[in-house]
Amino acid sequence: MKYKALATGMLCCLLSGMSMAEVMVVAHAKSDLSAVDKATLKKLFLGKTTKINGAKVRAVNLPDSNDLKIEFDTKVVGKDPSKMKAYWANRIFTGKGKPLAQVSNEENMVVWLAENKDGIGYMSADSINSKLKVLLTVP
């Protein structure tokens, strides 16, 4: 019985360390953007820039508790949820910025990006449709 519990615990630890799926960074299908790198995305999603290759863009986020947002922030921005929360609290308190626009889920992200040619966001591959253009795939 002890071994079964130990094996189950080890399996859970292994699975929890596994990544979700790829995160797709996307924009409006008719966006002038063709690609973006992680360094630029990090600045954009930390509110330190509003431009990509000279083009003004508006980034949009999923809710803080969303698993895909957590994965995006970890892989691209380099911060876990508690560090992101502290980062934005500091930016707001010091008057250096405010959090990015937010949509409630991936379906609303698709709608928002389809309506905003200057928008950029992220989602899972299965949410992408012809109204969107993939700029970067984050494994």
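Located above this text is the structure these notes cover.
Residues numbered from 1 in each chain as written. Predicted model: local features only at pLDDT ≥ 70, side-chain atom pairs only at ≥ 80, totals over all residues. Heavy atoms only, no water.

(A) Local environment of the pattern of salt bridges. Applying the stated rule across the entire model yields four salt bridges. Here Asp 118 ties to Arg 58 by a salt bridge, and the two come within 3.1 Å at their closest N and O atoms. Of this pair, Asp 118 sits in the loop between α5 (106-115) and β6 (119-124) while Arg 58 sits in strand β4 (residues 58-61); the two residues are 60 residues apart in sequence, bridging distant segments of the chain. We classify Asp 118 as partly exposed; its relative accessible area is 28%. Its relative accessible area of 38% is what places Arg 58 among the partly exposed residues. The salt bridge involving Glu 71 is made with Lys 75; its shortest N-O contact spans 2.5 Å. Of this pair, Glu 71 and Lys 75 both sit in helix α3 (residues 67-77), four residues apart, which is roughly one turn of that helix. Classification of Lys 75 by relative accessible area gives partly exposed; the value is 25%. Overlapping salt bridges, with partners in common, bring together Asp 64, Lys 69 and Asp 73 in one network. (Salt bridge = Lys/Arg side-chain N within 4 Å of Asp/Glu carboxyl O. Helix = DSSP H or I, 4+ residues; strand = E, 2+ residues; numbered from the N terminus. Buried < 20%, exposed > 50% of the residue type's maximum accessible area, 1.4 Å probe, protein only.)

(B) Local environment of the environment of Gly 121. Relative to the assigned elements, Gly 121 resides in strand β6. Residue class for Gly 121 comes out buried when judged on its relative accessible area of 0%. For the pair Gly 121 and Met 24, spaced 97 residues apart in sequence, the C-alpha to C-alpha distance is 8.4 Å. The contacts of Gly 121, once residues within four sequence positions are left out, are Met 24, Val 25, Val 26, Phe 45, Val 60, Met 109 and Leu 113. (Contact = heavy atoms within 4.5 Å.)

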